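Coordinate analysis (summary)
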Amino acid sequence: MKFTNLTRHTEIGANSYYLEIGRHRFLLDCGMHPKNTGEDALPNFKGIGDREVEAILMSHAHQDHIGTLPLAMLRFPGARIFMTEATTEVGSVLLHNSVNVMTRAT
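First, a word on what this report is: a plain description of the structure on this page. (Residues numbered from 1 in each chain as written. Predicted model: local features only at pLDDT ≥ 70, side-chain atom pairs only at ≥ 80, totals over all residues. Heavy atoms only, no water.)

A word on the nonpolar core. Core analysis: the biggest nonpolar cluster contains 15 residues, and Leu27, Cys30, Val53, Ile56 and Phe76 have the highest contact counts within it. At the level of secondary structure, the elements contributing two or more residues to this core comprise β3 (24–30) and α2 (69–75). Other than its neighbours up to four places away in sequence, Leu27 contacts Leu6, Ser16, Tyr17, Tyr18, Phe45, Val53, Ala55, Ile56, Leu57, Ala72 and Phe76. (Core = buried A, V, L, I, M, F, W, Y, C linked by side-chain atoms within 4.5 Å. Buried < 20%, exposed > 50% of the residue type's maximum accessible area, 1.4 Å probe, protein only. Helix = DSSP H or I, 4+ residues; strand = E, 2+ residues; numbered from the N terminus. Contact = heavy atoms within 4.5 Å.)

Our next topic: the packing of aromatic side chains. For the structure shown, the criterion picks out two aromatic pairs. Relative to Tyr17, the ring of Phe3 has its centre 5.4 Å away and its plane inclined at 20°; by these criteria the two rings are stacked. Pair noted here: Phe3 is in strand β1 (residues 2–5) and Tyr17 is in strand β2 (residues 16–21), with a separation of 14 residues, a long-range link. Aromatic pair Phe45 and Phe76: ring centres 5.9 Å apart, planes at 85°, arrangement edge-to-face. You can see Phe45 sitting in the loop between β3 and β4 (55–57) and its partner Phe76 sitting in the loop between α2 and β5 (80–82), a full 31 residues away along the chain. For Phe45, a relative accessible area of 9% gives the class buried. (Phe/Tyr/Trp six-rings, centres within 6.5 Å; stacked < 30°, edge-to-face > 60°.)

Tallying each qualifying case throughout the model produces four salt bridges. For Arg25, the salt bridge identified is with Glu20, shortest N-O distance 3.9 Å. You can call Arg25 partly exposed: its relative accessible area is 25%. One salt bridge connects Glu39 with Lys46, and the closest N-O pair in it is separated by 3.8 Å. Within the structure, one salt-bridge network assembled from shared partners comprises Arg8, Glu39 and Lys46. (Salt bridge = Lys/Arg side-chain N within 4 Å of Asp/Glu carboxyl O.)

Attention shifts here to the sheet that holds β4. Strand order across the open sheet formed by five strands is β1-β2-β3-β4-β5, with mixed pairing between neighbours. Each edge of the open sheet carries a strand with a single partner, namely β1 and β5. Geometrically, the sheet is characterised by an average inter-axis angle of 20° between neighbouring strands, direction not taken into account. Alignment of β3 against β4, held across three bridges, turns out to be parallel. Residue pairing in the sheet places Phe26 in a bridge with Ala55 of β4. (Pairing = 2+ DSSP bridges. Axes fitted to C-alpha atoms, helices over the stretch in contact; angles between N-to-C directions.)

Okay, the pairing of β3 next. Two elements, β2 and β3, share six bridges in a ladder whose sense is antiparallel. Bridging across to β3, Tyr17 finds its partner in Leu28. The loop that links β2 with its antiparallel partner β3 comprises two residues; one of these, Gly22, has a positive phi angle of about 65°.

What follows is the structure, given as structure tokens:
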């Protein structure tokens, strides 16, 4: 198993982790830092280069764990996304807000 921390800082925010387990490649969470802007608010996806991701696993719907899911979906279009029903319901509201913030920031 290989575990790569894609979180830019050691503090809370932009939590994201890349996992290789055998031939499988996963992304665990893809958060947005609530106070930073630009790339500093995002996971360091450059840390895994052009490696493929077959699934994105969402642990829960806090902004620092789910906030950049739309970006991860663009970067890894073939990845299946897994989360609980409760995370889906709460995350839907948070993700609409994230998309609005990202759109204004670009």
